[in-house]
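Chain by chain, the residues run as shown.
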Amino acid sequence: MSDFFQKLNLPQMIPHIINRTTNDPILIKTVFRIKYDLKRDWSDHALWWEQKQQWLLRTGWTLDKCGVHADARLIFTPQHKPLRLGLPNGATLKMRACFSSPVFRTVMGICRVLNLRHPEELSLLRPVEEKKKKKDKDCSEDALLFNTNLSLSMLETIVYLDVGSVQALYNGMPAHFADSPKTEAVYKMLSVSLPSPAPEAIAKLYRPASIVDKTHIHTRWLDSSRSLMQQGIQENDKLGLRFKYYTFHDMDPKYDAVRLTQLYEQARWAILLEDIDCTEEEMMLFGALQYHIGKQSLSQDMYFFAKHTPKKNVLLTTLEKNTVHLIFDHFPPCRPKRLTLKGYKQYWCKFQETSISYYKSKEDRYGEPIQQLNLKGCEVAPDVNVAGQKFCIKLLIPAPEGMNEIYLRCENEKQYSQWMAACKLASKGLTLLDSSYQSEVQNIQTFLSMQRSSSAAPTSQTDESINTHSLVSPRYQKKYKPKQLTPRILEAYQNIAQLSLTSAILKFLQIWQALPDFGISYFMVRFKGSRKDEVLGIANNRLIRIDLGVGDVVKTWRYSNMRQWNVNWDIRQVAIEFDGNINIAFGCVNADCKVVHEYIGGYIFMSTRARQQSDTLNEELFHKLTGGHEAL
């Protein structure tokens, strides 16, 4: 197509043609048919105003009304162009995508073709540009983001987007993938986990070395309110398709084969490339689950997810409702965490309703407590090291000035399981009279047992097929040799060997979501009145102020306490007002403030989704919350 237009010298001829057609762009297609006798379908073509970086899509308007003058350079070009799409599993898929619609709508079309439900959770981002050595110029083109070196011939299949159609299913997959064995192989690549690449390929992948590097990654998201062409994306450019918002709505393995697999791959590489931290025991469990999923994927056909589905839906972001009962125990909470190291101090604690009261001693428990902590609406995260007998609970408790960070330390697994279950349910507002406390305790104990090495398992277990470098992060590759990692991974594998492929993926995602730093996107900012740069973490329900030098959390603010937020587009500053007359303002250092504004508005939009409205998407509301002064 581009060669054809070059032969016609079309960009130079367009102004002349338009001037002869009464300034009406809708007549240009007629001109081509008459003047050049070109009999073809021009319905996908439109005018691109190069100087203004703008599409002219209102065919009922004259060029004068559009503001076009005689010296304007207009290009008559297709609205749909080839795009190389890097998926979370590292594969590259070549597709025709819409370059004239807002990115939000383009992603909807892409997800419809790939059978990805809830496209509002995903978006497109530019690949990370690494500093390349001279000797690597020829071979480093695809070393972008995750393991994009996985290049198969079938991945170059062009899938033609039909944004306006609803794809029918055939044997559990979209009908357009059933056209040939080649397209069926593409769907299998999308819905089944791919084998791990060689250690040499993994070593070339981009890995953030610090929290500053993590802030650079999140600056590359495209603006959802503007089109690809408006953001400088050209035909055959490469972009990454990733889950941007970590709120996964209505996850159902029966319909979400591709969604589950791609989410698993994104979580997997976030752990392997140390984008998110985890303990040593958690890493061994992640390694065992990857090993199990890899084995199961090789033995399953492409319709596994359609044939093996649980009897009930699984919501990854919603724990089952369980109960707590009254717990009296000798339990040591600590005060809010500061930037200095503090030890734990023992108190006698009482869990009642949705609150924890603590006293100086057991004898004082009938008097006034030192403090009472209401856990309703708090954040609960584990801080566990089974091998080191560390069983802590991290609580982020709402406070007028933000959120207080409290750590609770338990003496053993049993005590930890009881208190963790109590805290989780209290955070949801469930009282002590709720009825399924024991099942929650059992779930936590099962999770701990997966991380615990089995003394009955032989320590000399080996498996020649285990590639430990593709199962654990570089930190543990340096710490242990493969012959030391293999038995530890196999020990953890004994606890999950009976899981089905779907159950193993769901378990992996559940553990990933339980990590303390799950779902936090980082940005370098400077708060109003401060003289130093700091890091702003954006999660699905809160904003986090992080000290850049130490890495500790300074302050946390919840969206539920937010009254309003706005952006001063002239000075590029974000201002937010919270309950209690708390106001913060900051400017972005290494990103456009539009990216941060879109993140905050996007998460608020995600919270408006209701279960009964899962099949509808309020695009207008999304742009109203995220688009700023450029909202559609």
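Residues numbered from 1 in each chain as written. Predicted model: local features only at pLDDT ≥ 70, side-chain atom pairs only at ≥ 80, totals over all residues. Heavy atoms only, no water.

**Focus: the overall build of the protein**
Piece 1. Regarding its fold elements, the protein presents 18 helices and 24 strands.
Piece 2. In the protein, buried positions account for 54% of the 632 residues.
Piece 3. A sequence separation of at least 24 residues applies to 66% of the contacts in the protein between residues at least 6 apart.
Piece 4. Total accessible area on the protein is roughly 29600 Å²; 48% of this is exposed by carbon and sulfur atoms. (Helix = DSSP H or I, 4+ residues; strand = E, 2+ residues; numbered from the N terminus. Buried < 20%, exposed > 50% of the residue type's maximum accessible area, 1.4 Å probe, protein only. Contact = heavy atoms within 4.5 Å. Areas by Shrake-Rupley, 256 points an atom, 1.4 Å probe, with all protein chains shown as cover.)

**What about the side chain of His218?**
Piece 1. As for its placement among the helices and strands, His218 is situated in the loop between helix 8 (211–217) and strand 10 (238–243).
Piece 2. Beyond its immediate chain neighbours, meaning those up to four positions away, His218 contacts Ile520, Ser521, Tyr522, Phe523, Val595 and Tyr599.

**With respect to the pattern of salt bridges**
Piece 1. Taken as a whole and judged by the stated rule, the model has 27 salt bridges.
Piece 2. Note that Asp256 and Arg117 form a salt bridge whose closest N and O atoms lie 2.9 Å from each other. Within this pair, whereas Asp256 is found in the loop between strand 10 and helix 9 (257–272), its partner Arg117 is found in the loop between helix 5 (103–114) and strand 6 (122–125), the two being separated by 139 residues in sequence.
Piece 3. Owing to a relative accessible area of 22%, Arg117 belongs among the partly exposed residues under this scheme.
Piece 4. Across the pair Glu280 and Lys479 runs a salt bridge, and its minimum N-O distance is 2.9 Å. Residue Glu280 is located in helix 10 (residues 280–299), and its partner Lys479 is located in helix 14 (residues 474–479); the two are separated by 199 residues in the primary sequence.
Piece 5. Residue class for Glu280 comes out buried when judged on its relative accessible area of 15%.
Piece 6. Here the salt bridges do not stand alone but share partners, grouping Arg117, Glu120, Glu121, Asp250, Asp256, Arg259 and Arg609 into one network. (Salt bridge = Lys/Arg side-chain N within 4 Å of Asp/Glu carboxyl O.)

**Re the packing of helix 6 (residues 181–191) against helix 9**
Piece 1. Running from N to C, helix 6 and helix 9 point in directions that differ by 55 degrees, and their axes come no closer than 7 Å. As judged from the angle between their axes, helix 6 and helix 9 are oblique. Contacts from Tyr187, Met189, Leu190 and Ser191 in helix 6 reach Ala257, Val258, Thr261 and Gln262 in helix 9.
Piece 2. A per-class count over the contact of helix 6 with helix 9 returns 5 nonpolar, 3 polar and no charged. (Axes fitted to C-alpha atoms, helices over the stretch in contact; angles between N-to-C directions. Parallel < 35°, antiparallel > 145°, perpendicular 65-115°, else oblique. Nonpolar A, V, L, I, M, F, W, Y, C, P; charged D, E, K, R; others polar.)

**So, the packing of aromatic side chains**
Piece 1. Under the criterion given, the structure shown has 24 aromatic pairs.
Piece 2. Residues Tyr246 and Phe518 carry aromatic rings whose centres are separated by 5.5 Å and whose planes lie at 80 degrees to one another, so their mutual orientation is edge-to-face. Taken together, the residues span a long stretch of sequence, with Tyr246 in the loop between strand 10 and helix 9 and Phe518 in the loop between helix 16 (501–513) and strand 18 (521–527) at a distance of 272 residues. Comparing Tyr246 with Phe518, the two get one shared label, buried. (Phe/Tyr/Trp six-rings, centres within 6.5 Å; stacked < 30°, edge-to-face > 60°.)

**As for the sheet that holds strand 16 (residues 390–399)**
Piece 1. What the 3 strands build is an open sheet, ordered 15-16-17; its pairing is antiparallel. Of all strands in the sheet, those bounded by a partner on one side alone are strand 15 (379–385) and strand 17 (402–410). For this sheet, the mean angle separating the axes of adjacent strands, direction not counted, is 20 degrees.
Piece 2. Here strand 15 runs beside strand 16; their pairing, made up of 7 bridges, is antiparallel. The residue bridging Pro382 from the neighbouring strand is Ile393, located in strand 16.
Piece 3. Those strands touched by helix 12 (residues 413–427) are strand 15, strand 16 and strand 17, and its axis lies near 165 degrees from that of strand 15. (Pairing = 2+ DSSP bridges.)

**Things to note about the confidence of the model for the protein**
Piece 1. The share of residues in the protein with pLDDT of 70 or more is 76%, and the mean pLDDT across the chain is 78.
Piece 2. Within the model, the stretch residues 1–9 combines pLDDT values under 50 with 14 contacts to residues more than four positions away or in other chains.
Piece 3. Note on residues 301–341: pLDDT under 50 across the span, and 134 contacts to partners over four residues away in sequence or across chains. (pLDDT = per-residue confidence, 0-100.)

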